[in-house]
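Breakdown of the fold
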Amino acid sequence: MSISEMVQARKELVNQVLEVYPEKAKKNRRQHLSVKESDCSSCAVKSNGKTVPGIMTARGCAYAGAKGVVWGPVKDIVHISHGPVGCGFYSWANRRNLAEGEVGIDNFVPFQFTSDFQESDIIYGGDKKLEKIIEEVVELFPNAKGVSVLSECPVGLIGDDIESVARRMTEKTQRPVVPVRCEGFRGISQSLGHHIANDAIRDHIIGKGPEREIGPYDIGIIGDYNIGGDAWASKKILEEIGLNVVNIWTGDSTLEMLQNGHLVKLNLIHCYRSMNYMANYMEETYGTPWLEFNFFGPTKIKESLLKIAAHFDDSIRENTQRVIAKYEAEMQKVIDIYRPRLAGKKVMLYVGGLRPRHVVGAYEDLGMEIIGTGYEFAHKEDYERTYPQLKEGTLIYDDVSALELEEFVKDLKPDLVGSGIKEKYVFEKMGLPFRQMHSWDYSGPYHGYDGFPIFARDMDMAVNSPTWKSIKAPWMK
Ligand code: SF4
């Protein structure tokens, strides 16, 4: 099939899948689906819009974006899921943002703290209860450097004033108590939760830390949540080239790292979607420059390291060349093992706000091809960063529904699907290799030179597992 025929066939597939919807939903969803063509102005999809009711979106809410993503990983702050028990319970320890430290002493990441609203809290308000909980937190966990209050849906609906509780308790406990208005009814996805969480750091945390000298090689990593140890793998390379990683936002991070995020020579941003707000703010307010980088797969790591080194002196630039040469030899060994087992395999992705574009290079290093990709909650600038990386004919889907993704996969027959926990078992039952691309399927890290061999091994393990030959009973073949 020629490329133009393939583009045409995939456009027809989109039309066919849309047929099932009522007129209004069809019109809406059509704007979120596209096929990459040579002239990419035509492949711009609409994004960051409200989900069509009832279509089984994979999206989460602002609380997930604020508590689950941005605030939850900060280890020496106690994060209170403020509201009924559900949201904190379901988001308890299921995002693999690893943190070092003594659990319960100076690391509270593995805990669930909640105000566990009852009917009386809805009727009379939860502010008094919140005050009492903060007092108890400080008494029981005296090393907690601060408290964040992550609002769940009811808080904003019943007229509670968590800001004034936070002001009073900041004074009383002599540590920052941060109100975060991330009720799940706000916005249309996790994305507004990121923004609200960034604004809370801006308003209550940044610039309020202990004095700190800035060394010539001090840098910060912004938007790495240390899934399966990703941020540690990234930090390791940056330190090998001679830089000094003093802050990570927010995987394995501390209150002090947030307070002094601006006191570095350069901020490196991995997840642009969730933290561009604070990167921009630090640049505008404190003049701290930032740049985007990508540590998935040797090609992107090399490009990123050279870009980062260009900001520093000759010694860093020389170290960078040496480190790249050392690791490229190691990475070539990985490629020699796995590429013959994976080359030519087709992949479809569907993840949140960064990985649908950021992992493309790592797959390509293994000779694999991305034939479909899309985001849950990306904005226009994310898609603009994505299109140049995609081949013609790639299917692009924004806030894809469960039905659409299933139909696309059935038709395009990829060799591997990379998506989330809600998708995993559907596709495995269809007999398709699947890897979780949020949780790394309890593996990882995937970032950095330490991560790539694990990534390659995991993709091989999924694609070439003998299981797939046993999906059909022998008498049905
Ligand atoms: S939408 Fe509301 S109730 Fe649901 S998880 Fe988010 S904050 Fe909790």
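Here, the structure is the one placed above.
On a predicted model such as this, the values are computed, not experimentally measured, just so you know. (Residues numbered from 1 in each chain as written. Predicted model: local features only at pLDDT ≥ 70, side-chain atom pairs only at ≥ 80, totals over all residues. Heavy atoms only, no water.)

So, on to the side chain of Q436. Here Q436 lies in strand β14 (residues 434-436). There is a polar contact of 3.0 Å between the side chain of Q436 and the side chain of S439. Residues within four places of Q436 in sequence aside, it is in contact with S419, G420, I421, K424, D441 and Y442. (Helix = DSSP H or I, 4+ residues; strand = E, 2+ residues; numbered from the N terminus. Polar contact = N/O pair within 3.5 Å; in protein donor to acceptor, adjacent residues only side chain to side chain. Contact = heavy atoms within 4.5 Å.)

Turning next to helix α9 (residues 190-204). Spacing of three or four residues puts side chains on the same side of an α-helix, whose turn is 3.6 residues. The end-to-end C-alpha separation of α9 is 21 Å, in line with the 21 Å expected for 15 residues at 1.5 Å each. Considered for burial, the residues of α9 that qualify are Q190, S191, G193, H194, I196, A197, N198, A200 and I201. Considering only its buried residues, α9 is in contact with α3 (62-71), β5 (177-180), β7 (244-250), α11 (255-259) and α12 (272-286). Taking the backbone nitrogen of S191 as reference, a side-chain oxygen 3.0 Å away marks S189 as the first, capping residue of α9. (Expected span 1.5 Å × (residues − 1). Buried < 20%, exposed > 50% of the residue type's maximum accessible area, 1.4 Å probe, protein only.)

Here we come to a nonpolar patch on the surface. Together, V85, F89, Y90 and W92 make up an exposed nonpolar region whose accessible area comes to about 460 Å². Mapped onto the elements of the fold, W92 is located in the loop between α4 (86-90) and β3 (113-114). Note on W92: relative accessible area 40%, which makes it partly exposed. (Patch = residues over 30% accessible without salt bridge, like charges linked within 9 Å, V, L, I, M, F, W, Y side chains within 5 Å. Areas by Shrake-Rupley, 256 points an atom, 1.4 Å probe, with all protein chains shown as cover. Salt bridge = Lys/Arg side-chain N within 4 Å of Asp/Glu carboxyl O.)

Close to the ligand lie C61, Y63, C87, E152, C153 and G184. For the shell around the ligand, the class distribution of residues is four nonpolar, one polar and one charged. (Near = heavy atom within 4 Å. Nonpolar A, V, L, I, M, F, W, Y, C, P; charged D, E, K, R; others polar.)

Turning next to the sheet that holds strand β13 (residues 416-419). Reading across the sheet, the six strands line up as β1-β12-β11-β10-β13-β14 and stay open at both edges, with mixed pairing between neighbours. Single-partner strands in this sheet number two, and they are β1 (33-35) and β14. Neighbour-to-neighbour, the strand axes of the sheet open up by a mean angle of 15°, direction not taken into account. Examined bridge by bridge, strand β11 (residues 369-375) and strand β12 (residues 395-398) share four bridges and lie parallel to one another. Within the sheet, the bridge partner assigned to Y375 lies in β12 and is D398. Strands in contact with helix α18 (residues 402-412) are β1, β10 (346-349), β11, β12 and β13; relative to β12, the strand with the most contacts, it is inclined by about 170°. Against the sheet, helix α19 (residues 421-429) contacts β13 and β14, and its axis sits at roughly 170° relative to β14. (Pairing = 2+ DSSP bridges. Axes fitted to C-alpha atoms, helices over the stretch in contact; angles between N-to-C directions.)

With that out of the way, let us pick up the pattern of salt bridges. It is possible for side chains of opposite charge to pair when their charged atoms get near one another. For the coordinates displayed, the defined rule picks out 35 salt bridges. Among the salt bridges present, the one from K75 reaches D252, with a minimum N-O distance of 2.8 Å. Residue K75 is found in the loop between α3 and β2 (77-82), and its partner D252 is found in the loop between β7 and α11; the two are separated by 177 residues along the sequence. Of the two residues, K75 and D252, both sit in the buried class. Residue K129 pairs with D121 through a salt bridge whose shortest N-O separation is 2.9 Å.

A few words now on unusual backbone geometry. A cis amide bond links W249 with the next residue in sequence, T250, at an omega value of -10°. Turning to its location among the elements, T250 is positioned in strand β7. For the bond running from G444 to P445, omega is 0°, close enough to zero to count as cis. Relative to the elements of secondary structure, P445 occurs in the loop between β14 and α20 (448-463). The backbone of N48 sits at a positive phi, close to 55°, despite the residue not being glycine. Topologically, N48 is positioned in the loop between β1 and α3. Given the relative accessible area of 32%, N48 is considered partly exposed. Notably, D252 is not glycine yet its phi reads approximately 55°, a positive angle. What makes D252 buried here is its relative accessible area of 8%.

Interpretation note: all reported values are geometric properties and have no functional meaning in isolation.
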